[in-house]
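# Architecture and fold: a report
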Amino acid sequence: MRLGVTLTLGLGFAIRILAQPTPSRDLTQFSLEDLMSVQVTSVSKKEQKISKTGAAIFVITAEDIRRSGSTNIPDLLRIVPGVNVAQIDSNQWAVSIRGFNSAISNKVLVLIDGRSVYFNSFSGAFWDVIDVPPEDIERIEVIRGPGGTVWGANAMNGVINIITKHSKDTDGVLVTTGGGSKETAEGLAQYGGDIGSKGTYRIFGRYANVNNSAFSNGQRAADGWHEWHEGFRSDWNLSSRDTLMVEGDLLTSAAGGTTTATFLESPPRQADVNRRLTNIAGDVLGRWDHRLRNGAETSLQVYYNALRRDGQAGVNLSNDTVDVEFKHHLAAGARNDIVWGLDYRVAADDIRPAASYALRLNPPARTDHLFSAFVQDEIQLGRSVFLTLGSKFEHNGYTGFEYEPSAQLVWTATEQHTFWASTARAIRQPARTDFGAQFNVGVQPLPGGGTGLVTLFGNLDFTAEHVHDFEAGYRAQVNPRLSLDFTGFLTYYHELETTEPEAPFFAADQGLLVIPLKFGNLAHARSYGVEFFAHWNVTGRWKISPGYSLLQMAVKRDPSSQDPDIEQTSGNTPRHQFQIRSLFNLRRNLEWDSSLIYVSGLSHLAIPSYVRLDTRLGWWLGESVEFSIVGQNLLTPRHLEFFDTSGLVLHTEVERSVFGKITWRF
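Residues numbered from 1 in each chain as written. Predicted model: local features only at pLDDT ≥ 70, side-chain atom pairs only at ≥ 80, totals over all residues. Heavy atoms only, no water.

Moving on: the overall build of the protein chain. A count of helices and strands for the protein chain gives 5 helices and 37 strands. Against the globule reference of 26 Å for 666 residues, the protein chain gives a C-alpha radius of gyration of 25 Å, in line with a compact fold. With the C-alpha coordinates aligned to their principal axes, the bounding extent of the protein chain is approximately 80 × 65 × 45 Å. For the protein chain, the exposed surface amounts to about 26,700 Å²; the carbon and sulfur share of it is 59%. Separation between the mean location of the 61 positive side-chain charges and that of the 72 negative ones in the protein chain comes to 5 Å. (Helix = DSSP H or I, 4+ residues; strand = E, 2+ residues; numbered from the N terminus. Rg over C-alpha atoms; globule rule 2.2 N^0.38 Å. Areas by Shrake-Rupley, 256 points an atom, 1.4 Å probe, with all protein chains shown as cover. Lys, Arg positive; Asp, Glu negative; His and termini not counted. Charge placed at Lys NZ, Arg CZ, Asp CG, Glu CD.)

This is the structure in structure tokens:
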């Protein structure tokens with residue numbers, strides 16, 4: 001009924017502009033013609049052509065986003081080779097790059113316009129609060145491989161940087177509305193305009209409501225959710241050499257879900273309970289860019305993040321972060337292009353139990369300070385050979401001084417062919433939970449009767465996980481219609497987190513025998529693989545983009561480790577992933593887009609392989625109104641993609657769904 005009302009209202013708007021001409025959309029104008037000259041900023045914190053980057057980078061463009069039909073960031077990332085996206089329930093995702101996937105993946109740094117949304121309280125990103133209207137995203141830059149030299153800790157396996165559009169590019173009114181079988185309601189209202197002669201702005205409000213999903217037995221889960229999101233962005237040309245950008249957001253959401261909880265009774269027991277997860281997230285960011293008379297550039301960025309999250313692991317979480325960063329980009333002579341910067345971050349959190357089964361932290365409140373500096377120098381060795389050397393230096397409150405160096409060699413043989421190689425070291429900074437956690441993870445029968453309480457404890461001697469990575473790649477624009485990109489990598493991980501058994505003890509206050517586990521750093525791993533993608537403009541109306549990734553990983557515990565499961569974690573990530581996207585203009589105003597994704601099975605989780613087919617039909621009425629209908633997971637009624645072995649999120653299955661949407665611009 002909602003979908004019918006939505007389409008009826010949209011049709012009324014469309015009738016007013018039927019007589020307007022429909023724009024001709026030639027697919028050859030997207031991505032390929034200037035592919036090697038696309039400017040990216042995530043590799044070196046400066047604008048840089050893809051042809052000169054010594055990293056495995058994939059760019060999701062605004063046109064890719066529009067034609068994907070996706071309504072959330074994780075689904076957009078499914079098209080990136082080497083990125084594993086798995087939905088756990090209606091509002092939780094596991095997203096990783098090159099392995100070690102989990103409900104809160106701790107080796108991928110996620111940014112929005114350079115603002116970190118990686119929360120060190122739990123060491124990861126909460127994808128249910130990472131919300132950007134798809135219509136406002138300029139591009140998403142995904143680095144596969146370490147990015148610690150410029151971005152710092154936690155970019156061990158990669159960086160996902162979501163970059164929003166300049167407010168001058170979102171002038172006027174934008175209204176979207178839609179609904180379907182899974183996302184029952186979705187809407188965006190946005191307005192952009194001028195501020196005098198030097199500034200522009202946009203403001204928006206967005207709402208989404210998502211249905212409950214289903215368990216494997218077909219029973220409906222209690223994981224439905226809804227959210228409200230309001231935000232703004234303003235951009236100012238203060239002078240011929242100064243620009244200022246200010247943006248902010250406020251998001252509130254409420255979601256359901258099921259968790260496996262351990263209750264301290266006599267005897268202790270485990271049970272599945274429905275929990276309510278609520279979020280209030282706000283942020284404000286300002287960035288001042290200044291160009292000096294000699295052509296050098298400086299940037300000063302300040303942001304504030306606030307998150308109130310209740311229900312995660314049975315706790316109420318409060319986190320406030322302030323970050324100040326200065327960056328300087330200059331040329332030193334004819335052969336050296338240098339970027340250096342300083343950063344200071346202070347993060348205060350308070351994590352208190354809200355349920356009898358909650359995670360407990362000692363101390364419950366803590367303030368951490370992070371000091372860092374980085375320098376990176378691109379040295380021109382020859383006419384077309386560039387060597388980039390650099391390192392990040394950090395001091396954190398857990399492990400003290402850390403360093404993350406890298407080297408990149410790029411040979412641009414011609415304007416159409418680039419070869420590159422790189423090596424890097426990166427770390428994962430310990431989280432609050434690594435140091436001070438106390439969490440009852442389960443119960444265990446005792447010999448001779450009775451039940452013991454299995455409890456996980458933090459470790460004050462926990463050290464930073466670190467990685468050494470070696471990569472090489474080749475990218476080419478073979479002809480005006482075909483581009484290719486290959487990457488091979490070899491990665492060594494050291495001091496990986498393990499859970500080590502300790503001697504049982506009797507807790508007199510609880511009257512229970514406690515069987516303790518304690519975090520350690522007693523494992524290492526090696527992985528290698530290849531990643532490939534291509535763009536082929538078959539005709540001016542049809543583009544095909546295939547991609548493939550292979551990941552081979554072996555995790556080994558050290559001789560002193562007694563962790564029984566660590567060596568199985570390589571089975572949490574698929575060995576093979578293949579995707580192919582097709583964008584087809586049936587007529588000047590009619591688009592048909594499809595993506596087919598194959599993901600191999602997860603041996604550790606006993607999840608079989610699956611094939612996912614999504615398709616979208618888009619119809620333009622004039623230049624202002626766009627209708628689209630999207631079908632997702634069309635090949636099977638539902639399938640399982642992932643589950644959290646800790647039991648904090650009880651998994652459901654991803655169902656076949658359909659979604660209709662109307663977009664109106666004027």
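Once that is clear, we can look at the nonpolar core. Within soluble globular proteins, side chains that are nonpolar generally end up buried alongside one another. In this structure, Leu-77, Trp-127, Ile-130, Ile-140 and Ile-160 are the most contacted members of the largest nonpolar core, which totals 30 residues. Among the elements of the structure, strand E3 (56-61), helix H3 (73-76), strand E4 (83-89), strand E5 (92-97), strand E6 (108-112), strand E8 (137-144) and strand E9 (158-164) are those that each provide at least two residues to this core. Dropping the residues within four chain positions of it, Leu-77 is found in contact with Ile-60, Val-83, Val-85, Val-95, Trp-127, Ile-140, Val-142 and Ile-160. By size, the runner-up hydrophobic cluster in this structure holds 17 residues, among which are Ile-104, Phe-119, Leu-307 and Phe-439. (Core = buried A, V, L, I, M, F, W, Y, C linked by side-chain atoms within 4.5 Å. Buried < 20%, exposed > 50% of the residue type's maximum accessible area, 1.4 Å probe, protein only. Contact = heavy atoms within 4.5 Å.)

Before going further, it helps to spend a moment on the environment of Gly-158. Summarising the element assignment, Gly-158 is placed in strand E9. Here Gly-158 falls in the buried class, since its relative accessible area comes to 0%. Linking Gly-158 and Ser-96, residues 62 residues apart in sequence, is a C-alpha distance of 8.5 Å. With near-sequence residues (within four places) excluded, Gly-158 lies in contact with Ile-97, Lys-107, Val-108, Leu-109, Ile-143 and Gly-145.

Cis peptide bonds are those with omega within 30 degrees of zero, and the linkage from Asn-362 to Pro-363 qualifies with 0°. Along the chain, Pro-363 falls in the loop between strand E19 (360-361) and strand E20 (365-380). Residues other than glycine seldom take positive phi values, yet Ala-313 does so here, at roughly 55°. Summarising the element assignment, Ala-313 is placed in the loop between strand E16 (297-310) and strand E17 (315-332). On the basis of relative accessible area, Ala-313 is assigned to the buried category, the value being 12%. Positive phi outside glycine occurs at Glu-495, with the angle close to 55°. Mapped onto the elements, Glu-495 comes out in strand E27 (residues 482-501).

By secondary structure assignment, the location of Asp-485 is in strand E27. Judged by relative accessible area, which is 6%, Asp-485 ranks as buried. Engagement of the side chain of Asp-485 in a polar contact is seen with the side chain of Arg-475, the distance being 3.4 Å. Not counting residues within four places of it along the chain, the set of residues in contact with Asp-485 comprises Tyr-474, Arg-475, Glu-531, Phe-532 and Phe-533. (Polar contact = N/O pair within 3.5 Å; in protein donor to acceptor, adjacent residues only side chain to side chain.)

Quick look at a nonpolar patch on the surface now. The grouping of Tyr-191, Ile-203, Phe-232, Leu-238, Val-284, Trp-288, Leu-300, Val-302, Tyr-304, Val-322 and Val-324 at the surface amounts to a nonpolar patch, some 880 Å² of accessible area in total. For the nonpolar patch, the secondary structure elements donating two or more residues are strand E13 (225-239), strand E15 (269-291), E16 and E17. Considering each element in turn, the nonpolar patch owes the most residues, 3 residues, to E16. Tyr-191 gets classed as partly exposed once you look at its relative accessible area, which sits at 40%. (Patch = residues over 30% accessible without salt bridge, like charges linked within 9 Å, V, L, I, M, F, W, Y side chains within 5 Å. Salt bridge = Lys/Arg side-chain N within 4 Å of Asp/Glu carboxyl O.)

Applying the stated criterion to the full structure yields 19 aromatic pairs. Ring centres of Phe-122 and Phe-126 lie 6.1 Å apart, and the angle between their planes is 65°; on these two criteria the pair is classed as edge-to-face. Relative accessible area serves as the criterion here: at 13%, Phe-122 is assigned to the buried category. The buried category is assigned to Phe-126, whose relative accessible area is 3%. Site record: aromatic cluster; members linked through ring pairs are Phe-119, Phe-122 and Phe-126. Lying over the aromatic face of Phe-263, Arg-269 brings its terminal NZ or CZ to 4.8 Å of the ring centre. Over the ring of Tyr-398 we find Arg-366; its NZ or CZ atom is 4.1 Å from the centre of that ring. (Phe/Tyr/Trp six-rings, centres within 6.5 Å; stacked < 30°, edge-to-face > 60°. Lys NZ or Arg CZ within 6 Å of the ring centre and 35° of its normal.)

To continue, consider the pairing of E3. Most of E3 is tucked away: 5 of the 6 residues are buried. Pairing analysis gives 6 bridges linking E3 to E8, with the strands arranged antiparallel. Following the sheet pairing, Thr-61 is matched in E8 by Arg-139. (Pairing = 2+ DSSP bridges.)

With that settled, consider the sheet that holds strand E7 (residues 115-116). The 5 strands are arranged E3-E8-E9-E6-E7 in an open sheet whose pairing can be described as mixed. Of all the strands in the sheet, the pair left with one neighbour each is E3 and E7. Note: E6 against E7, 2 bridges, orientation antiparallel. Of the residues in E7, the one forming a bridge with Leu-111 is Ser-116.

Let us look at the confidence of the model for the protein chain. In the predicted model, the protein chain carries a mean pLDDT of 91, and 94% of its residues have values of at least 70. A low-confidence stretch, residues 1-25 stays under pLDDT 50, and its non-local contacts, those more than four residues away or across chains, total 40 contacts. (pLDDT = per-residue confidence, 0-100.)

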